[in-house]
Amino acid sequence: MELLGTIVLIVLAFFILSIFLGSFFTVQQQTRAIVERFGRYVRTAKPGLNFKIPYIEAIVQRVSLRVQQLLIEVETKTLDNVFVKILVAVQYRVVEGSEADSYYKLQDHQEQIKSYVLDVVRAKVPKMNLDEVFEKKDDIGTSVKSELDVSMKIYGFEIPNALVTDVNPADSVKAAMNEIQTQQRLQVAAAAKGEANKILVVKNAEAEAESKRLQGEGIAKQRRAIVDGLRESIAAFTDKVSSVNEHEVLNLVLLTQYFDTIKEIGVSAGSKVILTPHAPGGMTDITDQLRTAIVTGTEAVQTKK
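The following refers to the structure shown. (Residues numbered from 1 in each chain as written. Predicted model: local features only at pLDDT ≥ 70, side-chain atom pairs only at ≥ 80, totals over all residues. Heavy atoms only, no water.)

With that out of the way, let us pick up the sheet that holds strand 5 (residues 57–64). Read across the open sheet, the three strands follow the order 3-2-5; overall the sheet is antiparallel. Of all strands in the sheet, those bounded by a partner on one side alone are strand 3 (40–45) and strand 5. Shown here is a sheet whose adjacent strand axes are inclined to one another by a mean of 25°, direction ignored. (Pairing = 2+ DSSP bridges. Helix = DSSP H or I, 4+ residues; strand = E, 2+ residues; numbered from the N terminus. Axes fitted to C-alpha atoms, helices over the stretch in contact; angles between N-to-C directions.)

As structure tokens, then:
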């Protein structure tokens, strides 16, 4: 009997201890505990040490108030008939004070959010071409946030933000877009190269024109110097030899200059064979040609002046 009594006391002690320990529970910060009594919601326990009736009340769910993120991939078509995959990051959290609504009103809140995101994105993106989707992806995120904020508030959720993190068209579309950019850049490079070549041609033409002008001035100065030299030679020769007229002196000087020229041609490097008439009649023709050329050059210089 004593042994039986001892066993009963021990069992009773364990039962009382279990009741005592089961009466208290703790809730972490940024967390709420949903408490039910016989399957009926009675209250939401806040962070810290809390009490419940053992075997009568039970914690059915611990709800986090932290911001959580859900990544959703949506495949849709743009206005220019390009299929793209859009990755949307939805940030959501349970509104404080609405923990019971978030638990009881929705079976699966993530699937509900996903359904709204699919509906909004597939309604907005088909009205935009592919370039606009890239340029206005923030507008898509704003539309998703606005729609979700209104729709999920009745279930105890709020949407701090919704971000379109990636727009991913098919690989063939990417390749085509890259090819378009490459061709456009090649066109710009070709236009720049053509403009540079144009500038070089213009500058070369200007340099050649300036060279021709300077060359012409040099030739004119050279001819004036020749004429002045001939004039001085004729004057000096006629002063010393009075029996010789100016015409004969000019012929002599021209002939001397002609032979000097032939000599220079013969000793210059890379010279070619030159056949010139050296008969007396031929010499007269050469003298006349030289005289005519000099006179014509002198008249041209005087006319220019």
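Ranked by size, the top nonpolar core spans 32 residues in total, and within it Ile113, Val117 and Val121 carry the most contacts. Listing elements by their share of this core, those giving two or more residues are strand 6 (68–77), strand 7 (83–94), helix 3 (109–124), helix 4 (130–135), helix 5 (137–153) and strand 8 (157–169). Counting residues per element, this core draws most heavily on strand 7, which supplies six residues. Dropping the residues within four chain positions of it, Val117 is found in contact with Ile72, Val74, Val88, Val90, Val144 and Leu148. (Core = buried A, V, L, I, M, F, W, Y, C linked by side-chain atoms within 4.5 Å. Buried < 20%, exposed > 50% of the residue type's maximum accessible area, 1.4 Å probe, protein only. Contact = heavy atoms within 4.5 Å.)

Attention now moves to the packing of helix 3 against helix 5. When two helices pack together, you describe them by how their axes are tilted relative to each other and by the distance separating the axes. Put simply, helix 3 and helix 5 touch, their axes get as near as 9 Å, and they point 135° apart. With respect to helix 5, the axis of helix 3 lies oblique. Two packed elements cross with a definite hand, and for helix 3 against helix 5 that hand is right-handed. Of the residues in helix 5, those in contact with His109, Gln112, Ile113, Tyr116, Val117, Val120, Val121 and Lys124 of helix 3 are Asp139, Ile140, Ser143, Val144, Glu147, Leu148, Ser151 and Met152. Considered class by class, the residues forming the contact of helix 3 with helix 5 number nine nonpolar, four polar and three charged. (Parallel < 35°, antiparallel > 145°, perpendicular 65-115°, else oblique. Left-handed = near helix turned anticlockwise from the far one by under 90°. Nonpolar A, V, L, I, M, F, W, Y, C, P; charged D, E, K, R; others polar.)

The next point concerns the pairing of strand 7. Look at any regular strand and the pattern is simple: side chains alternate between the two faces of the sheet. In this structure, strand 6 lies alongside strand 7, joined through ten bridges in antiparallel fashion. The residue bridging Gln69 from the neighbouring strand is Gln91, located in strand 7. For strand 7 and strand 8, the ladder comprises ten bridges, and the chain directions are antiparallel. Along strand 8, the bridge assignment pairs Leu87 with Asp166.

In short, shape yes, function no, at least from these values alone.
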